[in-house]
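Topology and contacts: notes
Each chain, letter by letter, is given below.
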Amino acid sequence: MSERAGQKAQEIDLVDINELVDAYFEIVPDVTTAEQKVTFGTSGHRGTSLNGSFNEAHIAAITQAIVEYRNRENIHGPIYVGKDTHALSGPAEVTALEVLAGNNVITMVDAEGRYVPTPAVSVAIINHNQGKPAGDKTLADGLVITPSHNPPTDGGFKYNPPHGGPADSDATNWIAARANEIILGGLVEVKRAKAAPTKFHFRDNYISQLADVINMDAIRDAGVSIGADPMGGASVDYWGAIGERYALNLTVVNPSVDFQFGFMNLDWDGKIRMDCSSPHAMASLIENRDRFDISTGNDADADRHGIVTKDAGLMNPNHFLAVCIDYLYNHRPGWAKDAAVGKTMVSSSIINKVVAQLGRRLIEVPVGFKWFVPGLIDGSVGFGGEESAGASFLRLDGTAWSTDKDGLILALLAAEITAVTGKTPSQRYAELTAQFGAPAYERIDAPATLEQKAKLGKLSATDVTATQLAGEEITAILTHAPGNSAALGGLKVETKNAWFAARPSGTENVYKIYAESFLGAEHLKLVQIEAKKLVDAVLG
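Read on for an overview of the structure. All of these numbers come straight from a predicted model, not from anything done at the bench. (Residues numbered from 1 in each chain as written. Predicted model: local features only at pLDDT ≥ 70, side-chain atom pairs only at ≥ 80, totals over all residues. Heavy atoms only, no water.)

Concerning a negative patch on the surface
Definition in use: Note that patches include only residues with greater than 30% relative accessible area and no salt bridge, and the join distances are 9 Å for like charges and 5 Å for nonpolar side chains (Val, Leu, Ile, Met, Phe, Trp, Tyr). For every accessible area listed, the method is Shrake-Rupley and the probe measures 1.4 Å; residues are considered covered only by the protein chains on display. What counts as a salt bridge is simple: a side-chain nitrogen of Lys or Arg found within 4 Å of a carboxyl oxygen of Asp or Glu. For this count, His and the chain ends are skipped, Lys and Arg are scored as positive, and Asp and Glu as negative. Charge placement uses NZ in Lys and CZ in Arg. For Asp and Glu, CG and CD serve respectively. Elements are defined by DSSP. Helices are runs of H or I of four residues or more, strands are runs of E of two residues or more, and each kind is numbered from the N terminus.
A surface patch of negative charge is lined by Asp-16, Glu-19, Asp-22 and Glu-26. Mapped onto the elements, Asp-22 comes out in helix α1 (residues 17-26).

Structural data, given as structure tokens:
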């Protein structure tokens, strides 16, 4: 933990934007080295231009590979393209649009040349494809140019197929392999032309449909005061428009866009990171929580949410997910009676208890929102959520909304819960813990090299020789998710009252240890100590 965590960023913390953009065009990556090749993690290819991991060659090659993938899959409709407010997103968009034009792909971009949240791209894709059968040549897909909550030095590039959500591993592995081939070949296979995209009103399309997924009338009529902080991200033009269209008592706390993100508070490691689930990055909003009934933050592409209440401050994402599930499955009569609940294996077990009480089926999957897409697109899953503050859910009538994470509707749901129940989400969570017990939960992040991450991703049950964890008998050692039998990319160890999971990050060079105990904070510390010993032994 940095001594400066939670403090305002200073001049020394700010990236040189000119240097960053120059490096994007000037550095030619060597994809024979692991650090500079195209690699899709849990949410696209990410890196920084400064070390040759996110440069023009990467984006040109990835875009050309996506064009070829589209042809393979017989996708010939338009491709919807959105970008966030990271400095590298603009140059990457220019590169992508030129390659798409060179391949005669119809391309839809923001009509005002502004920023587009990830869920707005997803909703646009779903709208376009509504009623079209699988295999229809006119199906649309999308590109979202964002490294999400990553530091200002980073860029990101992800592909969303016609279902509107994150691409699965079959697609991303093929695209990454083909992109690296193209780079190795000197980019001679990349076709480029002057960009000629079609303008699309992403913001109006998204905002006009919000009443189909959120009870906006209840929020307005109750007069719930909302302080929305875009955190310098792509939702910056959306929150004010949402408040105006639906006559909400809503204030945009910080409407600034700054490629350096110099207004941010530093995260746990002293870096600028737009992580709306971090008490350090959200320090300013937490400090001023008395101004509004509900304060919210979104990361740079608005696919994540942070919820701050007057009575409890920043809610742990797991706590809010549990409250969302409890509320939605009691207030969405238009959803199928057998609509399941989706959660990742590293989310809190209090969710399991809430779902059991609801009498709903629980689907537990590895980290990665892609696992929820099939259920969200066909309505068989009403809600899918991750511990990292990413979630989405169905429209009021039980049809698909965004099949990618949507931080805006989760923030609005916090206001709906307050309006309808008269209780803040944190007050309702206190009631749930009184019923089910109060778990102590924490995720620890630590730096890790690519080699160390690879080792960690190959952990197996045989790596755990212990029979007890923090004084309790080990009841399960899992390397695959029970909901879909997919590999966890790490492992999870369970006891009667506690568990831990260890896995490498798919978006940054860190590893993560998740742990939870229903026996209190002191017992959680014991779980973490023993978990870390195991991980350190594996990493050598």
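There's more to say after this.
Things to note about the environment of Leu-456
Operational definition: When accessible area is computed with a 1.4 Å probe and restricted to protein chains, residues below 20% of their type maximum are described as buried, those above 50% as exposed, and intermediate ones as partly exposed. What makes two residues a contact is simply this: any of their non-hydrogen atoms within 4.5 Å.
With respect to the helices and strands, the residue Leu-456 is situated in helix α15 (residues 450-457). When its relative accessible area of 0% is taken as the criterion, Leu-456 is described as buried. C-alpha separation for the pair Leu-456 and Tyr-511, spaced 55 residues apart in sequence, amounts to 8.0 Å. If we skip the residues at most four places from it in the chain, Leu-456 touches Gly-489, Gly-490, Ala-502, Arg-503, Pro-504, Tyr-511, Val-535 and Leu-539.

Things to note about the pairing of strand β9 (residues 249-252)
Side chains on a regular strand alternate between the two faces of the sheet. Note the cut-off: One requirement defines pairing of two strands: DSSP has to find at least two bridges between them. Every crossover in which the path from the first strand over the helix to the second runs clockwise, viewed with the strands pointing away from the viewer, is termed right-handed.
Both strand β8 (residues 225-229) and β9 contribute to a ladder of four bridges, which runs parallel. Across the sheet, the residue bridging to Ala-228 is Val-252, located in β9. For the segment spanning β8, helix α8 (residues 238-245) and β9, crossover handedness is right-handed.

Remarks on unusual backbone geometry
In this structure, Asn-104 is a non-glycine residue whose phi angle is positive, near 60 degrees. Among the secondary structure elements, Asn-104 is positioned in the loop between α3 (89-102) and β4 (107-110). A relative accessible area of 70% means that Asn-104 is categorised as exposed. Phi at Ser-485 takes a positive value of approximately 65 degrees, unusual for a residue other than glycine. Mapped onto the elements of the fold, Ser-485 is located in the loop between β20 (476-480) and β21 (487-494).

With respect to the packing of aromatic side chains
The line we're drawing: Two rings from Phe, Tyr or Trp (for Trp, the six-membered ring) form a pair when their centres are within 6.5 Å of each other. A pair whose planes differ by under 30 degrees is stacked, one over 60 is edge-to-face, and the rest are tilted.
Tallied over the entire structure, the rule returns 14 aromatic pairs. Consider the rings of Tyr-80 and Phe-202, whose centres lie 6.1 Å apart with planes at 80 degrees: the pair is edge-to-face. Here the residue Tyr-80 occupies a position in strand β3 (residues 79-83), and Phe-202 occupies one in helix α6 (residues 202-207), the gap between them amounting to 122 residues. For the pair Tyr-80 and Phe-202, a shared accessibility class is recorded, and that class is buried. Centre to centre, the rings of Tyr-206 and Trp-401 are 5.3 Å apart; their planes meet at 55 degrees, and the pair counts as tilted. Of the two residues, Tyr-206 is situated in helix α6 and Trp-401 in the loop between β16 (390-393) and α13 (407-421); the sequence distance between them amounts to 195 residues.

Some thoughts on α13
Selection criterion: Helix span, expected: 1.5 Å multiplied by one less than the number of residues in the helix.
Taking 1.5 Å as the rise per residue, α13 with 15 residues should run 21 Å; its terminal C-alpha atoms sit 21 Å apart, in good agreement. In terms of burial, α13 is largely enclosed, as twelve of its 15 residues are buried. For α13, every residue scored as buried is listed here: Gly-407, Leu-408, Ile-409, Leu-410, Ala-411, Leu-412, Leu-413, Ala-414, Ala-415, Glu-416, Ile-417 and Thr-418. Two residues or fewer past α13, Gly-422 is found with a positive phi of approximately 75 degrees.

A short note on the sheet that holds strand β7 (residues 198-200)
As a general point, the strands of a sheet are linked pairwise by backbone hydrogen bonds and lie either parallel or antiparallel. As a reminder, the rule being used: Inter-axis angles, ranging from 0 to 180 degrees, are taken between N-to-C directions of lines fitted to C-alpha atoms, where helices are fitted over the stretch in contact.
Strand order in this open sheet of seven strands is β1-β2-β6-β5-β3-β4-β7, and the pairing throughout is mixed. Unpaired on one side and paired on the other, β1 (40-41) and β7 mark the two borders of the sheet. Of the pairings in the sheet, the one linking β3 to β4 comprises two bridges and is parallel in character. Looking across to β4, one finds that Ile-79 is bridged to Thr-107. Helix α2 (residues 56-72) contacts β1, β2 (44-48), β3, β5 (141-145) and β6 (154-160) of the sheet and is inclined by roughly 5 degrees relative to β6. Lying over the sheet, α3 contacts β3, β4, β5 and β6, oriented at roughly 165 degrees with respect to β3.

Focus: the sheet that holds strand β22 (residues 498-504)
The sheet built from five strands is open, its strands ordered β17-β23-β22-β21-β20 with antiparallel pairing. Each edge of the sheet is formed by a strand with only one pairing partner; in this case those strands are β17 (440-447) and β20. Along the sheet, successive strands turn relative to each other by an average axial angle of 15 degrees, direction set aside. Sheet analysis places β21 next to β22, joined by four bridges and oriented antiparallel. Note that in β22 the partner of Glu-494 across the bridge is Trp-499.

A word on the nonpolar core
So the rule is basically this: We define a nonpolar core as any set of buried Ala, Val, Leu, Ile, Met, Phe, Trp, Tyr and Cys residues linked to one another through side-chain atoms lying within 4.5 Å.
In terms of nonpolar packing, the biggest core is built from 71 residues, with Tyr-206, Leu-210, Ile-242, Phe-383 and Phe-393 touching the most fellow members. With sequence-adjacent residues up to four places away left out, Leu-210 is seen in contact with Met-216, Ile-242, Tyr-246, Trp-401, Ile-409 and Leu-412. Counting residues in each nonpolar core, the second largest holds 40 residues, with Ile-17, Val-31, Val-105 and Tyr-159 among its members.

Observations concerning the packing of helix α11 (residues 350-358) against helix α14 (residues 425-436)
Applicable threshold: Convention used here: angles under 35 degrees read as roughly parallel, angles over 145 as roughly antiparallel, angles from 65 to 115 as roughly perpendicular, and any remaining angle as oblique. Nonpolar residues are Ala, Val, Leu, Ile, Met, Phe, Trp, Tyr, Cys and Pro. Charged residues are Asp, Glu, Lys and Arg, and all others, Gly as well, are polar.
Between α11 and α14, the least distance of the axes is 11 Å, while the angle of their chain directions is 85 degrees. Comparing the axis directions of α11 and α14 gives the class roughly perpendicular. Where α11 approaches α14, its residues Ile-350, Lys-353, Val-354 and Gln-357 are matched on the opposing element by Tyr-429, Leu-432, Thr-433, Gln-435 and Phe-436. For the contact of α11 with α14, the per-class residue count stands at five nonpolar, three polar and one charged.

Here we look at the state of the cysteines
So the rule is basically this: When two cysteine sulfur atoms are found within 2.5 Å, that pair is recorded as a disulfide.
Enumeration according to the criterion identifies zero disulfides in this entry. The closest cysteine sulfur to the non-disulfide-bonded Cys-276 is located on Cys-324, 13 Å from its own sulfur. A relative accessible area of 1% places Cys-276 in the buried class.

Some thoughts on the environment of Leu-88
Take Leu-88: it is sitting in the loop between β3 and α3. It is 8.6 Å that separates the C-alpha atoms of Leu-88 and Thr-146, two residues lying 58 residues apart in sequence. Apart from the residues lying within four places of it in its own chain, the contact partners of Leu-88 are Leu-20, Val-21, Tyr-24, Ser-49, Phe-54, Thr-153, Asp-154 and Gly-155.

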